[in-house]
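Per-entry structural report
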Amino acid sequence: MKEEIDAVISDVINRTEFINGRYVNLFEEHFSVYHEAKHCIGVANGTDALEIAIESLNLPPKSEIIVPANSFIASSEAVTRSGHSVVFCDVNKDNYTISTSDIRSKITQNTKAIVVVHLYGHPCDMDEIIKLSKEFELKVIEDCAQAHGAEYKGKKIGAVGNIGAFSFYPGKNLGAFGDAGAIVTNDENLAIRCKMIANHGRIAKYDHQFEGRNSRLDNLQAAVLTVKLKYLEQQTESRISVANYYYDHLADIESIILPKKEIWARHVYHLFVIQSEDRDNLKDYLLKNGIQVGVHYPISLPKLEAYNYLGKVDNSMYANNVDSSLLSLPIGSHISSEDVSYIASIIRSFYGK
Ligand SMILES: *Cc1c(COP(=O)(O)O)cnc(C)c1O
């Protein structure tokens, strides 16, 4: 992509078009089409995308918003930062996304919204979530930071609920050359509000209708993203092939649990997360053999110091126990077939296979 990316970067510089500009518009248009959403608003990063999306809903102050306990802190941070209260909810044992039965048990009179995280690239069970949202009049915010191109029953995630937030942090499935994010929605009023919040509460130059903030997607990042978006499907397919190799070559190892892909899901494998009781030893063994691995996440959100203020951690929650077993194997379009076969063979040798 280098030539194409260099060309658009030069174009932005030659035009000195740094804030707003044609690539922002172009990217918003292409990304909304790709994600089957009527509107897309570029913002500065994924955390801002979540915060602005929540703010745009105009919920009463201090509303309770349900957030899964296994996620990156941005999912819950955005709730608190926008003046609401985080209520943690458990995740499913098999696919790690938010548990709809636990959502039900966490709903009170003050619950006004749910942040559903399409974690690791696997979509949440949206039919059940939409059903709950109708029954209890809740707004649904989709945290899509790990799920560019993921599908629920053949439909792209993002604008299935009320509003969706994306991150283009360089390590995400679609990554910029720095921080960047976007919001998608089919609701025109929310789209207008988000655009205004992200740009000092204005539409026209000095016509500020309320106090907003500065969280714009800059034209250089948008230019890079416009090029990279064209290759996303191809890169996603190579992620899926790496995942399929793991499924084919690790399924017989009883000591590890592979991630479940539901039949209705297009999983885009931002991460390929396995479970092992012997996680730390397996991790060291892989590192010793030159294989980088990660843990997502080593400490569940409720157990972070940042959430001490919520009081006692619910130890009966699966999410609060499984964090000691999770291990993310290398995945991405940069992983060659030799790489993946080497990784699988090292894991097999750890288990004496
Ligand atoms: C990366 C990430 C975010 C935050 O995105 P930034 O662009 O880094 O602010 C939010 N939620 C999840 C689940 C993420 O993985």
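Just above sits the structure.
First, a word on scope: everything that follows refers to the structure included in this document. (Residues numbered from 1 in each chain as written. Predicted model: local features only at pLDDT ≥ 70, side-chain atom pairs only at ≥ 80, totals over all residues. Heavy atoms only, no water.)

Along the protein, the regular secondary structure elements total 12 helices and 13 strands. At 20 Å, the protein has a C-alpha radius of gyration in line with the 20 Å of a compact globule built from 353 residues. Principal-axis analysis of the C-alpha atoms places the extent of the protein at approximately 70 × 55 × 35 Å. Burial analysis of the protein (353 residues in total) assigns 55% to the buried set. Taking all contacts inside the protein whose residues are at least 6 apart in sequence as the whole, residues at least 24 apart take part in 69%. For the protein, the exposed area adds up to about 15500 Å²; of that, 49% sits on carbon and sulfur atoms. For the protein, the separation between the mean place of its 36 positive charges and that of its 45 negative charges on side chains is 2 Å. (Helix = DSSP H or I, 4+ residues; strand = E, 2+ residues; numbered from the N terminus. Rg over C-alpha atoms; globule rule 2.2 N^0.38 Å. Buried < 20%, exposed > 50% of the residue type's maximum accessible area, 1.4 Å probe, protein only. Contact = heavy atoms within 4.5 Å. Areas by Shrake-Rupley, 256 points an atom, 1.4 Å probe, with all protein chains shown as cover. Lys, Arg positive; Asp, Glu negative; His and termini not counted. Charge placed at Lys NZ, Arg CZ, Asp CG, Glu CD.)

This paragraph deals with the pattern of salt bridges. Evaluation of the coordinates by the stated rule reveals 20 salt bridges. The salt bridge involving Lys153 is made with Asp127; its shortest N-O contact spans 2.6 Å. Pair noted here: Lys153 is in the loop between β6 (151-152) and β7 (155-156) and Asp127 is in helix α6 (residues 126-136), with a separation of 26 residues, a long-range link. Arg348 is the partner of Asp252 in a salt bridge, and the nearest nitrogen-oxygen pair spans 2.8 Å. Of this pair, Asp252 sits in the loop between α9 (232-250) and β10 (256-257) while Arg348 sits in helix α12 (residues 337-350), placing them 96 residues apart in sequence. For Asp252, a relative accessible area of 36% puts it in the partly exposed group. Overall, Arg348 belongs to the partly exposed group, its relative accessible area being 22%. Taken together, the salt bridges that share partners define one network made up of Asp48, Glu51 and Arg213. (Salt bridge = Lys/Arg side-chain N within 4 Å of Asp/Glu carboxyl O.)

Another aspect to go through is the pairing of strand β5 (residues 139-143). Of all five residues that make up β5, four are buried, and the element is covered over most of its length. One ladder, built from five bridges, connects strand β4 (residues 111-117) with β5; its direction is parallel. Paired with Val117 across the bridge in β5 is Asp143. Of the crossover connections in this fold, the one passing from β4 over α6 to the parallel β5 is right-handed. (Pairing = 2+ DSSP bridges. Right-handed = clockwise from strand over helix to strand, strands pointing away.)

Taken together, 14 residues sit near the ligand, with Gly46, Thr47, Asp143, Ser167 and Lys172 positioned nearest. Between the ligand and Thr47 there is a distance of 2.5 Å, counted from an oxygen atom to a side-chain nitrogen or oxygen. Relative to its free-state accessible area of 380 Å², the ligand is covered by the protein chains to the extent of 93%. Breaking the shell around the ligand down by element, the ones donating at least two residues are α3 (46-56) and α4 (74-81). (Near = heavy atom within 4 Å. Polar contact = N/O pair within 3.5 Å; in protein donor to acceptor, adjacent residues only side chain to side chain.)

Another aspect to go through is the pairing of strand β2 (residues 64-68). Counting buried positions over the five residues of β2 gives five, a clear majority of the element. Taken together, the five bridges between β2 and strand β3 (residues 85-89) define a ladder with parallel strand orientation. Opposite Ile66, over in β3, you have Val87 as the bridge partner. The parallel pair β2 and β3, bridged by α4, forms a crossover whose chirality is right-handed.

Attention shifts here to the packing of aromatic side chains. Aromatic rings in a pair are described by how distant their centres are and how their planes are angled relative to each other. With the rule as written, the count across this model stands at 16 aromatic pairs. For the ring pair Phe31 and Tyr34, a centre distance of 6.5 Å and an interplane angle of 45° mean the geometry is tilted. Here Tyr34 and Phe31 lie together in helix α2 (residues 22-34), a separation of three residues that amounts to about one turn. Comparing Phe31 with Tyr34, the two get one shared label, buried. Judged by centre distance (4.8 Å) and plane angle (90°), the ring pair of Phe31 and Phe166 falls under edge-to-face. In this pair, Phe31 sits in helix α2 while Phe166 sits in strand β8 (residues 163-167), placing the two residues 135 residues apart along the sequence. Of the two residues, Phe31 and Phe166, neither departs from the other in class, the shared state being buried. An aromatic cluster of three or more residues is present, and its members are Phe27, Phe31, Tyr34, Phe166 and Phe168. Sitting over the ring of Phe210, Arg193 keeps its end group 5.1 Å from the ring centre. (Phe/Tyr/Trp six-rings, centres within 6.5 Å; stacked < 30°, edge-to-face > 60°. Lys NZ or Arg CZ within 6 Å of the ring centre and 35° of its normal.)

On the surface, Ile13, Phe18 and Ile19 cluster together to form a nonpolar patch covering roughly 270 Å² of accessible area. Judged by its relative accessible area of 37%, Phe18 falls in the partly exposed class. (Patch = residues over 30% accessible without salt bridge, like charges linked within 9 Å, V, L, I, M, F, W, Y side chains within 5 Å.)

Within the largest apolar cluster, 48 residues are counted, with the highest numbers of intra-cluster contacts made by Phe27, Phe31, Ile98, Ile103, Ile129 and Phe168. Of all the elements, helix α8 (residues 219-229) adds the most residues to this core, at six residues. In this structure, Ile41, Val79, Tyr297 and Tyr307 belong to the second largest nonpolar core, which totals 43 residues. (Core = buried A, V, L, I, M, F, W, Y, C linked by side-chain atoms within 4.5 Å.)

Right, let's get into the packing of helix α1 (residues 2-15) against α8. As a packed pair, α1 and α8 sit with axes 9 Å apart at the nearest point and diverge in direction by 155°. Classed by the angle they form, the pair α1 and α8 counts as roughly antiparallel. For the element pair α1 and α8, the recorded crossing hand is right-handed. On α8, the residues touching Glu4, Ile5, Val8, Ile9 and Val12 of α1 are Asn219, Leu220, Ala223, Val224, Val227 and Lys228. Of the residues belonging to the contact of α1 with α8, the class tally is eight nonpolar, one polar and two charged. (Axes fitted to C-alpha atoms, helices over the stretch in contact; angles between N-to-C directions. Parallel < 35°, antiparallel > 145°, perpendicular 65-115°, else oblique. Left-handed = near helix turned anticlockwise from the far one by under 90°. Nonpolar A, V, L, I, M, F, W, Y, C, P; charged D, E, K, R; others polar.)

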